[in-house]
Amino acid sequence: MNAERAKVAELQADHRALSRELASSKAAELDKRRQLVNSSDEIEKTRMKHAREIMELEMDIQKRARETRELTEELRCAKEDLEREREVVSTLKSTVSHQSTAQITLNAQVNALQVEKTALQAQLDAVTSTVSQRTLDQQAAMRRIAELEAEAREAELIRRKLHNMVQELKGNIRVFCRVRPVLPHEFVSPSTGLSRSDSSSGRSPNSDNQDKGLVADVMFPDKRDHREIVLNSSSSSAMGQERKEVHNFSFDRVFEPESTQSDVFEEISLLAQSCVDGYNVCIFAYGQTGSGKSFTMEGGATEATMGMIPRAVNEVFRAAQALNSKGWEYKMEGQFLEIYNETINDLLGKGEFDKKKHDIKHEKTATSASTRVTDVNVMPLHTPREVTALLRLANSRRTVAATLMNERSSRSHSVFTLRICGSNQYTGERCEGSLNLVDLAGSERLNSSGAAGDKDRLKETQNINRSLSALGDVIAALGEKGEKGEKHIPYRNSKLTYLLQNSLSGNSKTLMILNLSPLAAHLGESLTSLRFATKVNNTTIGTAKKQVRGAS
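Just so it is clear, the structure is predicted and the values come from calculations on it, not from any experiment. (Residues numbered from 1 in each chain as written. Predicted model: local features only at pLDDT ≥ 70, side-chain atom pairs only at ≥ 80, totals over all residues. Heavy atoms only, no water.)

Moving on, we get to the overall build of the protein chain. The secondary structure content of the protein chain amounts to twelve helices and 16 strands. Each of the 552 residues in the protein chain was classed as buried or not, and the buried ones make up 38%. Residue pairs at least 24 apart in sequence account for 70% of intrachain contacts in the protein chain once pairs closer than 6 positions are excluded. When the accessible surface of the protein chain is summed, it comes to about 32800 Å², and 53% of that surface belongs to carbon and sulfur atoms. (Helix = DSSP H or I, 4+ residues; strand = E, 2+ residues; numbered from the N terminus. Buried < 20%, exposed > 50% of the residue type's maximum accessible area, 1.4 Å probe, protein only. Contact = heavy atoms within 4.5 Å. Areas by Shrake-Rupley, 256 points an atom, 1.4 Å probe, with all protein chains shown as cover.)

With that settled, consider the sheet that holds strand β2 (residues 217-219). Backbone-to-backbone hydrogen bonds join strands into a sheet, with any given pair of strands oriented parallel or antiparallel. Strand order in the open sheet made by the three strands is β2-β3-β4, with antiparallel pairing throughout. Of all the strands in the sheet, the pair left with one neighbour each is β2 and β4 (242-250). Geometrically, the sheet is characterised by an average inter-axis angle of 20° between neighbouring strands, direction not taken into account. Bridge count between strand β3 (residues 228-236) and β4: nine bridges; the pairing is antiparallel. Across the sheet, the residue bridging to Ser233 is Glu245, located in β4. (Pairing = 2+ DSSP bridges. Axes fitted to C-alpha atoms, helices over the stretch in contact; angles between N-to-C directions.)

Another aspect to go through is the pattern of salt bridges. All chains considered together, the criterion is met by 16 salt bridges. Between Glu147 and Arg144 there is a salt bridge, and its shortest N-O distance comes to 3.3 Å. In this pair, Glu147 and Arg144 are both assigned in helix α1 (residues 2-170), three residues apart and thus about one turn of the helix distant. What makes Glu147 partly exposed here is its relative accessible area of 43%. For Arg144, a relative accessible area of 43% translates into the label partly exposed. One salt bridge connects Arg318 with Glu315, and the closest N-O pair in it is separated by 2.7 Å. With a gap of three residues between them, Arg318 and Glu315 both fall in helix α6 (residues 308-322), about one helical turn apart. Residue Arg318 is classed as partly exposed on the basis of its relative accessible area, which comes to 44%. Residues participating in the shared-partner salt-bridge network are Asp60, Arg64 and Glu67. (Salt bridge = Lys/Arg side-chain N within 4 Å of Asp/Glu carboxyl O.)

Here the focus is the state of the cysteines. Note: disulfide means a covalent bond formed between the sulfur atoms of two cysteine side chains. On inspection of all chains with the given rule, the structure shows zero disulfides. Free of any disulfide, Cys421 has its nearest neighbouring cysteine sulfur in Cys431, separated by 7.4 Å. (Disulfide = S-S within 2.5 Å.)

As a further point, take the packing of helix α4 (residues 261-276) against α6. Helix-helix packing is characterised by the crossing angle of the two axes and by the distance between the axes. α6 packs onto α4 with a crossing angle of 45° between their chain directions and a minimal axis gap of 9 Å. It follows from the interaxial angle that α4 and α6 lie oblique. Along this stretch, α4 crosses α6, giving a crossing that reads as right-handed. Contacts between α4 and α6 pair Gln261, Ser262, Val264, Phe265, Ile268, Ser269, Ala272, Gln273 and Val276 from the former with Met308, Arg311, Ala312, Glu315, Val316, Ala319 and Ala320 from the latter. Here the residues of the contact of α4 with α6 sort into ten nonpolar, four polar and two charged. (Parallel < 35°, antiparallel > 145°, perpendicular 65-115°, else oblique. Left-handed = near helix turned anticlockwise from the far one by under 90°. Nonpolar A, V, L, I, M, F, W, Y, C, P; charged D, E, K, R; others polar.)

Let's shift gears to the UniProt feature "binding site: ATP" (unreviewed entry) in the protein chain. The UniProt record annotates "binding site: ATP" (unreviewed entry) at Gly287, Gln288, Thr289, Gly290, Ser291, Gly292, Lys293 and Ser294. With respect to the helices and strands, Gln288 occurs in the loop between β6 (280-286) and α5 (293-297). Tracing the backbone through its elements, the reader meets Ser291 in the loop between β6 and α5. Given the relative accessible area of 1%, Ser291 is considered buried. The residues touching Ser291, leaving out its near neighbours within four places in the chain, are Arg180, Asn515, Leu516 and Ser517. Looking at Ser291, its side chain comes within polar contact range of the main-chain oxygen of Gln288, at 2.7 Å. (UniProt positions renumbered as here; feature names shortened; annotations may be inferred. Polar contact = N/O pair within 3.5 Å; in protein donor to acceptor, adjacent residues only side chain to side chain.)

It is worth spelling out the nonpolar core at this point. The biggest cluster of nonpolar side chains holds 47 residues, and the ones touching the most others in it are Ile229, Phe251, Phe284, Met512, Leu514 and Leu530. Secondary-structure elements contributing two or more residues to this core are β1 (173-179), β3, β6, β7 (328-340), α9 (455-484), α10 (495-499), β16 (508-516) and α12 (523-537). No other element matches the seven residues that α9 contributes to this core. With residues up to four places along the chain from it excluded, the contact list for Leu514 reads Phe176, Cys177, Arg178, Phe251, Tyr286, Gly287, Ser529, Leu530 and Ala533. (Core = buried A, V, L, I, M, F, W, Y, C linked by side-chain atoms within 4.5 Å.)

What follows deals with a nonpolar patch on the surface. Together, Leu124, Val127 and Val131 line one region of the surface with nonpolar side chains, adding up to about 250 Å² of accessible area. Looking at where Val131 falls in the secondary structure, it is placed in helix α1. (Patch = residues over 30% accessible without salt bridge, like charges linked within 9 Å, V, L, I, M, F, W, Y side chains within 5 Å.)

It is worth spelling out the side chain of Thr296 at this point. Note that Thr296 resides in helix α5. With a relative accessible area of 1%, Thr296 lands in the buried category. Looking at Thr296, its side chain comes within polar contact range of the main-chain oxygen of Gly292, at 2.9 Å. Excluding anything up to four places from it in sequence, Thr296 contacts Arg178, Gln261, Gly307, Met308, Ile513 and Asn515.

Encoded structure:
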């Protein structure tokens, strides 16, 4: 047992010794590992340092290579510069040699120039003689130019005479007829079957074809000359049978609904030229309310819809400008009057309403006749734009009232007058012309206008119809005067005809533009207007005379 215990003790001692050795070996191993890690770190740092040094050396080598290339290039450039300098020196040496030769040549040229100078002096004497001859020729040419200018002035006089002859052949009083298109608000409403025009006039719609019932049956058979208009109407006889009638009318020109403002003015533009030539011209728009008179005369805001007044003024200014080269100078002035209930109002006056009393004065001489209205504003006109502003001011003061024919109906006649005074600085001739552009009030009858139940509207309509009737009487009397000789012309029966006396006489050129509504509800009024226009168109009022003031 003791031996066994001794062995166990010995084994335990060996075990403890081995444990200490193992612990010592582990400690040594850990120390070796730490040394290995430290060595690896040092090796990595050394490697990175070496890599950086290699990179720096490579960059230094590249830098040295660039410097070498730059130095090589500089050396090459220096060699080229040196070569060029050598060439320049060689050239300069050659130039110096040539200069010596050139000096000898220049001396020879100087001698030659002296000889040439003598020859040029001889040529100068010859040119001086030629200039003298040319001066004589120029004087002869100036005399010829003066003769041609005189001929041109004579040709202008002939042109004016021929122009006036053409207008006379067309007739001093002419009638145009214009049918306006159907406006968008006048078409039949799908829900009610009634258009605004139907409901206001009391006309029952056509249930089979609403649009056909809305628009009157109007035809334009003359597709070449555009001079005819045909209206078809139907009515019931006393026996209850339907009676159809065809109404044919013929005028100087008929404009269909598709016609533009430009188409209409193209036909009347020559009248503006007549005004510049010294004639009285009157253009008036006639028709019932809502037939398009104001649109025809004044137009819209765009260039395409511009009316006859601004277009005529533009044409007058253009014609006057064209005659400037022939010695003519023109002064123009305009006035805008309204005739409401046989009272003249100045639409260009100060304040909202003109309260002055205006009298019409006619002045007549052996060669001219003119009309003046007292206490009205007459505006000098220098450009067509001034007329636009003048129209805008006048429209803001125009008397309007609601009628059954039109919600904003013009209840007065408006008369725009453009007076033109021309003088020719070469011939001393002077002339005066006037252009009256008249937008008449609606021509509808009392039962159509709805004015019978309103005292003020009744008075307006009566005065309008009275003045329009007076206009017809004047035109009829002028026609009878042309056939039978002397006859009294009732100009004083209305302010309208008295104001336009000099423009409605046989000494003027007159154009009536009949405006028609295309609606079937207005067919009766349209036929009345067409019959009146036919009577006007069949009237001959005589030969227009030029308004001459005499030589200055």
